[in-house]
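# Observations on the model geometry
Each chain, written out:
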Amino acid sequence: REREREEWILSSTSWASSGSCTSMRVSSVCAGVWCVACAQVYNFTLRAPCCFPARAVAPPIIQTSNFAFKDLHHLREALKNRPSGYFYSRRGNPTTDILRQKLAALDGAEDCLVLNSGASAIFLAVFGNVRHGDHIVSVKAPYRWAQHLLDVVLPRFNVHVTYVDGRCAENFAQAVQDNTRLFYLETPLSNDFSLQDLAAVAAVARRHSIVTVCDNSYCTPVYQQPLSFGVDLVLQSASKYIGGHSDVVAGVLCGRKEMIQRLSQSEMMTVGNHTTPLHSWLLLRGLRTLPMRLHRISESTKTVVAWLQTQRPRYVEDVLFPLHPSFPQHDLARRQMRGAGGLFSVVLQPCFSAAEIENMVGRLKRFLLAVSWGGHESLVFPCLASAETQDVSPATVVAHRMLRIYVGLDDAAALVQDLQQAFEFGLLASSAKL
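Everything quoted here is computed from the prediction, not taken from an experiment. (Residues numbered from 1 in each chain as written. Predicted model: local features only at pLDDT ≥ 70, side-chain atom pairs only at ≥ 80, totals over all residues. Heavy atoms only, no water.)

### A short note on the packing of aromatic side chains
- Using the criterion set out here, one finds 11 aromatic pairs in the structure.
- Measuring from centroid to centroid gives 5.5 Å for phenylalanine 193 and tyrosine 218, while their planes differ by 55°, and the two rings are tilted. You can see phenylalanine 193 sitting in the loop between strand 4 (180-186) and helix 8 (198-207) and its partner tyrosine 218 sitting in the loop between strand 5 (211-215) and helix 9 (220-223), a full 25 residues away along the chain. For the pair formed by phenylalanine 193 and tyrosine 218, the shared burial category is buried.
- For the ring pair phenylalanine 321 and phenylalanine 344, a centre distance of 6.3 Å and an interplane angle of 80° mean the geometry is edge-to-face. (Phe/Tyr/Trp six-rings, centres within 6.5 Å; stacked < 30°, edge-to-face > 60°. Helix = DSSP H or I, 4+ residues; strand = E, 2+ residues; numbered from the N terminus. Buried < 20%, exposed > 50% of the residue type's maximum accessible area, 1.4 Å probe, protein only.)

### Quick notes on the packing of helix 11 (residues 277-288) against helix 12 (residues 290-309)
- Close contact between helix 11 and helix 12 brings their axes to 4 Å; oriented N to C, the two are set at 55°. Taken together, the axis directions place helix 11 and helix 12 in an arrangement best described as oblique. Touching Gly286, Leu287 and Arg288 of helix 11 are Leu290, Pro291, Met292 and Arg293, all from helix 12.
- When its residues are assigned to classes, the contact of helix 11 with helix 12 shows 4 nonpolar, 1 polar and 2 charged. (Axes fitted to C-alpha atoms, helices over the stretch in contact; angles between N-to-C directions. Parallel < 35°, antiparallel > 145°, perpendicular 65-115°, else oblique. Contact = heavy atoms within 4.5 Å. Nonpolar A, V, L, I, M, F, W, Y, C, P; charged D, E, K, R; others polar.)

### Quick look at the packing of helix 5 (residues 118-127) against helix 6 (residues 144-153)
- With their axes 9 Å apart at the nearest point, helix 5 and helix 6 run at an angle of 35° to one another. Between helix 5 and helix 6 lies a crossing whose hand is right-handed. For the pair formed by helix 5 and helix 6, the contact residues are Ile122, Phe123 and Val126 on the first element and Ala146, Leu149 and Leu150 on the second.
- A breakdown of the residues in the contact of helix 5 with helix 6 according to their chemical character gives 6 nonpolar, no polar and no charged. (Left-handed = near helix turned anticlockwise from the far one by under 90°.)

### Some points on the sheet that holds strand 1 (residues 111-115)
- Sheet architecture is open: 7 strands sit in the order 1-7-6-5-4-2-3, paired in mixed fashion. Each of the sheet's edge strands pairs with one partner strand only, and the pair in question is strand 1 and strand 3 (160-164). Strand-to-strand twist of the sheet, defined as the mean angle between neighbouring strand axes without regard to direction, takes the value 20°.
- Here strand 6 (residues 233-237) pairs with strand 7 (residues 251-255) via 5 bridges, running antiparallel. Its bridge partner lying in strand 7, glutamine 236 is registered against valine 252.
- Across the face of the sheet, helix 10 (residues 257-271) comes into contact with strand 1, strand 5, strand 6 and strand 7 while running at roughly 30° to strand 1. (Pairing = 2+ DSSP bridges.)

### Focus: the nonpolar core
- Leu308, Phe344, Met360, Ile405, Leu419 and Phe423 are the most contacted members of the largest nonpolar core, which has 75 residues in total.
- Broken down by element, the residue count for this core peaks at 7 residues, all from helix 12.
- Those residues in contact with methionine 360 that sit more than four places away from it in its chain are Leu403, Leu419, Ala422, Phe423, Gly426 and Leu427.
- Listed in part, the 26 residues of the second largest apolar core include Leu150, Tyr184, Val211 and Val213. (Core = buried A, V, L, I, M, F, W, Y, C linked by side-chain atoms within 4.5 Å.)

Structure representation (structure tokens):
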């Protein structure tokens, strides 16, 4: 038993690293969800030699904070090459390393960090690439906590931001200053779904030696790979599609090995915003079904969006979905996105009052009233919820009559029926005005 224990300790690194395919690129996903590259990343159909302890099929959870060494000699050797071994799970863990390598392969990246939230991934990517006196150019209206970092936290360190309309790459070029260090992108944005041209913005950044960071939470690497367009670092909230079950909070940051290792050995180790072995295992579970879930969600979303378009002009003023032909940046979406998930926005007609919109939302039976997205459940978020009650004015403020909808794994026809009855009974009194 003692010999088996020693072999287990000394072999943990080898089975963790062999449980993935870091050299596999997934650019061939362009033709669709299913391909050999995806099969290797997810272990769908290609068989590989058993590499986990006790011949386990699923990767195990190494739920430990600490790692032991056979003797003083092995401890000294490990200390000489600290980044490559296991000492303490804040630095690295075998279960997390399996996940890291699979996610890096999926994103076409050399390396990857898995963190305890998407906000942590944003913080690490931005804070780790700026210093006192630097300047950032960011797309307007990014994720709320990204904007909080840029507006509130970084100015304490004399780092300031200029926001630009990201729909035109030239706006980034015009905002560059002598001390501009970083471009912050999020495409599509998660309310109006406006896009940035990744290749064009990355080209501007390269001309000025500026680091580019992109939040890819909306698409995931299955539907968009910012690194392939020249972006330096790509991040996403793994709480959403990768986890896929609304039961884990995590973030992912991918890029070149040199950049990822530098962030890992400095900012991540200092802040301690790593994920846990259990959360890594939950994400590995979700990763195995990611393309199938996204495909189902994407097809259902097309059905729901198509029906909503038929409700114009009686109830609906606009539907904001990047891959619908009516979307203003549809051509760009088709060029840099292979698909879209289940998130979109509906703008109701300006004649509806706040009370009527709230009544309509309250009548929905299959959509949960919640933030976030990416899980099994279909969700709705009325944007007027973010405004003070006395300031709500749907007639004059477009955002106040906007519903952000997420289509989950529910039956598409059932979701359409639910929206239809909510429109008819929640907005019926006002529809006569049109």
